[in-house]
Amino acid sequence: MIEVINPGIHTTIQDRGRFGYRDQGVPLSGAMDHYAAYLANQLVGNSPETALLEFVFQGPMLFIESAMNIAISGGKWDVELDGKKIDVNQPVHLPAKSTLKIKGAQGGMYGYLSVEGGFDIPKVLGSYSFYPHITKQSKLQKGDHLHLLKSYQKIRIQTASIAEQKAVFSSRELEVEEGPEFSKLSKEMQEQIFQTDFTPSKDSNRMAFPLVHEAALSANEISTAPVQPGTVQLTPSGKTIVLMRDAQTTGGYARVLQLSPMAINQLAQKRPGDRFRFKI
Amino acid sequence: MKSNVQIVLMGHQCLLIQWAKAEDDDVLKTLHFLEKEYAQEILEMVPTFREIALFLHQKADKKKLLEKLKKQLPIEEENDSLRKLPTYCLPVCYEEEKGLDLSRIAEEKKISIQELIRLHTEPTYSIHFLGFLPGFPYLSGLDKQLHHPRLREPRNRIPAGSVGIANDQTGVYPHASPGGWNIIGRTPLSLFNINHTPPALLQAGSKLQFFSIDHKEYEEIQEAVQQQDYQIQKVYD
């Protein structure tokens, strides 16, 4: 069992997403960086569907009541076990009654903690992913107890590890396709959008990453239409917004670009100030 | 394929059907057809007023499906099952305490509150799709006299069940949320329940009619809803 001593800025349970309910207005949710989440699970031998902890910017402090194997992935996270620094991107054995402190990351925004065997938590509408008004909690709180599905059995020899995913973090180009309303933009604007430097605004969150930029872009509103994570919206006033995992299922702003699945993972790890361009 | 409808790519394993102008049943007929014919390929679909997004399974052949659909759309055949969808009757308490903008709207439109209620409860609205929030219905059919611009400053918190008007749209907030709609009443019903199948009370393709209740009936229905003892009234043609 894990007890939450300090939940960190915004720590949730996430998995691959809540599929099958978008026509009920229920967002997909799921890990912001699916690639990092996949790696964390793989490192402890979990299936990719296993739910794990997601934290952002500043992670949680956890009391590890029973021994367990975990892995942390995502950014270059600064993690201490009973006050001593431990490595990320590899399986780690946590002894019973130890304290894990996940601090900040040098590079990257979202981090993941997988536990071998996964958590004993309820599935709601087919997924473990936290979402307000769907799951009981929208985020972890001080005092929460997370029970594990598998009770720890034997010491595991750690030899596996993965190289830090430099490519994910250093990429300055995000791969996109044209969105349904791309053709409605003027030729100049179509060219300009690929020559503009963007960076996530400080208001970025699991629902959307509004982008900061200096170009003069604008597009008319549209009749409410389907959208998805990775959809780049352009508003009449020139705001450029990339919808993320908790985004609403429909929207009334022009859909000018659509990020590739990997590009969404990459964008999730960009911090305000990290500049990038779109690449078609 | 006729030029009124087209189908385009919309990202990884996603196709988008778009109508330049959708007639009443176009979207619904197409949804039913796709559900029947392509259940293997399609993970889920999201309809809106004039579009349907098709989200395909990872292993589905997107290009192949695109070519097939280009030949099969538009769907012309009538679908009898469409006529079997009910009209939901949604109780609404149109009283001051629950309709924060009720008097103001009536005053600005120079009509009585009774007249406002009559104009809102008379039409049979079409439920086109759900979006914005889990269970939130996009309706058409609001009387022109009730069209009204959004609040200039949205409220931080609109209570769950609030019935509102924004421009030419009327709808119901399934749960508490910030919002800029003009609130004219509140329903004691729950529009979304994770323990129900499907979880949203109102479904695309069905119709909706509001009916007026007083605060006493509101409390009684609210109690019944909490006891899981309330069945929404449905009218079939």
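Presented here is a report on the structure given in the accompanying data block. From a predicted model like this one, the values you see are computed outputs, not experimental measurements.

Considering the overall build of chain B
Along the backbone of chain B there are 5 helices and 14 strands. Viewed in the frame of its principal axes, chain B has a C-alpha envelope of about 55 × 40 × 35 Å. A separation of at least 24 residues holds for 63% of the contacts in chain B among residues at least 6 apart in sequence. With an accessible surface of roughly 12,200 Å², chain B has 47% of that area assigned to carbon and sulfur atoms. Positive and negative charge centroids in chain B, built from 28 and 33 side chains respectively, lie 7 Å apart.

Remarks on the overall build of chain A
Along the backbone of chain A there are 4 helices and 20 strands. Here the C-alpha radius of gyration of chain A, 20 Å, is about what a compact globule of 280 residues would show, namely 19 Å. Its C-alpha atoms give chain A principal-axis dimensions of about 65 × 35 × 30 Å. Residues counted as buried form 56% of the 280 residues belonging to chain A. The long-range fraction of contacts in chain A, counting pairs at least 24 apart against all pairs at least 6 apart in sequence, stands at 75%. Summed over its atoms, the accessible surface of chain A is roughly 12,100 Å², and 49% of this surface lies on carbon and sulfur atoms. Seen as two clouds, the 30 positive and the 28 negative side-chain charges of chain A have centres 3 Å apart.

So, the environment of Gly 108 of chain A
All names here are of chain A. If you trace the backbone, Gly 108 turns up in the loop between β9 (98–105) and β10 (110–115). You can call Gly 108 buried: its relative accessible area is 5%. Each C-alpha atom, one on Gly 108 and one on Met 244, is 16 Å from the other, the two residues being 136 residues apart in sequence.

Regarding the side chain of Gln 233 of chain A
Residue and element names in this part refer to chain A. Residue position: Gln 233 is located in strand β16 (residues 231–234). Here Gln 233 falls in the buried class, since its relative accessible area comes to 6%. Not counting the four nearest positions on each side in its chain, Gln 233 is found in contact with Val 227, Lys 239, Thr 240, Ile 241, Leu 243, Gly 251, Tyr 253 and Ala 254.

Re the layout of surface pockets
Size it by volume and the second largest pocket reaches roughly 1,200 Å³. Lining the second largest pocket are 45 residues, with Arg 16, Gly 17, Phe 19 and His 34 of chain A together with Gln 58 of chain B positioned closest to its centre. Elements that contribute at least two residues to the lining of the second largest pocket include exactly α1 (34–43), β19 (254–259) and α4 (261–268) of chain A together with β4 (51–56) of chain B. Partitioning the lining of the second largest pocket into residue classes produces 21 nonpolar, 18 polar and 6 charged.

Side note on the sheet that holds strand β6 (residues 77–81) of chain A
All names here are of chain A. Spatially, 6 strands are ordered β7-β6-β9-β4-β1-β11 in an open sheet, and the strand pairing comes out antiparallel. The open sheet is flanked by β7 (84–86) and β11 (145–146), the only strands paired with a single partner. Summarising the sheet, β6 and β9 pair through 4 bridges and their orientation is antiparallel. Pairing of Trp 77 across the sheet is with Ala 105, part of β9.

Details of the sheet that holds β4 of chain B
Hydrogen bonds between backbone groups are what pair the strands of a sheet, and the pairing can be parallel or antiparallel. Residues and elements named next belong to chain B. Strand order in this open sheet of 4 strands is β1-β2-β4-β3, and the pairing throughout is antiparallel. Since the sheet does not close on itself, it has two edges, and those belong to β1 (5–9) and β3 (42–47), each with one partner. The average undirected angle you get between the axes of adjacent strands in this sheet is 20 degrees. Summarising the sheet, β1 and strand β2 (residues 14–19) pair through 5 bridges and their orientation is antiparallel. Paired with Leu 9 across the strands is Leu 15, a residue of β2. Where helix α1 (residues 26–37) meets the sheet, its contacts fall on β2, β3 and β4, and the angle it forms with β3 comes to roughly 175 degrees. The sheet strands contacting helix α2 (residues 62–72) are β1, β2 and β4, and the helix crosses β1 at an angle near 175 degrees.

Some details on the interface of chain B and chain A
Across the contact, 34 residues belong to chain B and 30 residues belong to chain A. A buried area of about 2,500 Å², summed over both sides, lies between chain B and chain A, and 60% of it is on carbon and sulfur atoms. It is Met 10, Glu 44 and Ile 194 of chain B that lose the most area in chain B upon contact with chain A, and together they represent 21% of the buried surface on that side. There are 2 salt bridges connecting chain B and chain A. For the salt bridge of Arg 255 of chain A with Glu 51 of chain B, the shortest nitrogen-to-oxygen distance reads 2.8 Å. Counting the contacts that link chain B with chain A gives 12 residue pairs in polar contact (both at pLDDT 80 or more). Looking at the side of chain B that touches chain A, the elements with two or more residues in it are β2, β3, β4 and β6 (125–130) of chain B. The residue makeup of the side of chain B that touches chain A, split by class, is 23 nonpolar, 8 polar and 3 charged.

Quick look at the environment of Phe 182 of chain A
All names here are of chain A. By the element assignment, Phe 182 lies in the loop between β12 (173–178) and α3 (187–192). By relative accessible area, which is 5% here, Phe 182 ends up buried. Measuring from C-alpha to C-alpha, the distance between Phe 182 and Leu 243 comes to 16 Å, with 61 residues separating the pair along the chain.

Regarding the packing of aromatic side chains
In this structure the tally under the stated criterion is 16 aromatic pairs over all chains. Where Phe 198 of chain A meets Phe 276 of chain A, the ring centres are 6.2 Å apart and the plane angle is 25 degrees; that geometry is what we call stacked. With Phe 198 of chain A in the loop between α3 and β13 (199–200) and Phe 276 of chain A in the loop between α4 and β20 (277–279), this pair connects stretches of sequence that are 78 residues apart. Accessibility assignment for this pair places Phe 198 of chain A and Phe 276 of chain A in one class, buried. Between Phe 276 of chain A and Phe 278 of chain A, the aromatic rings sit 5.6 Å apart at their centres with planes inclined by 75 degrees, giving edge-to-face as the arrangement. A relative accessible area of 3% places Phe 278 of chain A in the buried class. Put simply, the rings of Phe 49, Phe 129, Phe 132, Phe 136, Tyr 138, Tyr 173 and Trp 181 of chain B touch in pairs and so form one group of aromatic residues. Cation over ring: Lys 98 of chain B sits above Tyr 218 of chain B, and NZ or CZ is 4.4 Å from the ring centre.

What counts as what
- Residues numbered from 1 in each chain as written.
- Chains lettered and ligands numbered in written order.
- Predicted model: local features only at pLDDT ≥ 70, side-chain atom pairs only at ≥ 80, totals over all residues.
- Heavy atoms only, no water.
- Helix = DSSP H or I, 4+ residues; strand = E, 2+ residues; numbered from the N terminus.
- Contact = heavy atoms within 4.5 Å.
- Areas by Shrake-Rupley, 256 points an atom, 1.4 Å probe, with all protein chains shown as cover.
- Lys, Arg positive; Asp, Glu negative; His and termini not counted.
- Charge placed at Lys NZ, Arg CZ, Asp CG, Glu CD.
- Rg over C-alpha atoms; globule rule 2.2 N^0.38 Å.
- Buried < 20%, exposed > 50% of the residue type's maximum accessible area, 1.4 Å probe, protein only.
- 1 Å grid on protein atoms, 1.4 Å probe; cavity = no way out; pocket = protein on both sides within 12 Å on 5 of 7 lines; lining within 4 Å.
- Points joined across faces, edges and corners; volume = space filled by probe spheres on them.
- Nonpolar A, V, L, I, M, F, W, Y, C, P; charged D, E, K, R; others polar.
- Pairing = 2+ DSSP bridges.
- Axes fitted to C-alpha atoms, helices over the stretch in contact; angles between N-to-C directions.
- Buried area = accessible area lost by both parts, 1.4 Å probe.
- Salt bridge = Lys/Arg side-chain N within 4 Å of Asp/Glu carboxyl O.
- Polar contact = N/O pair within 3.5 Å; in protein donor to acceptor, adjacent residues only side chain to side chain.
- Phe/Tyr/Trp six-rings, centres within 6.5 Å; stacked < 30°, edge-to-face > 60°.
- Lys NZ or Arg CZ within 6 Å of the ring centre and 35° of its normal.

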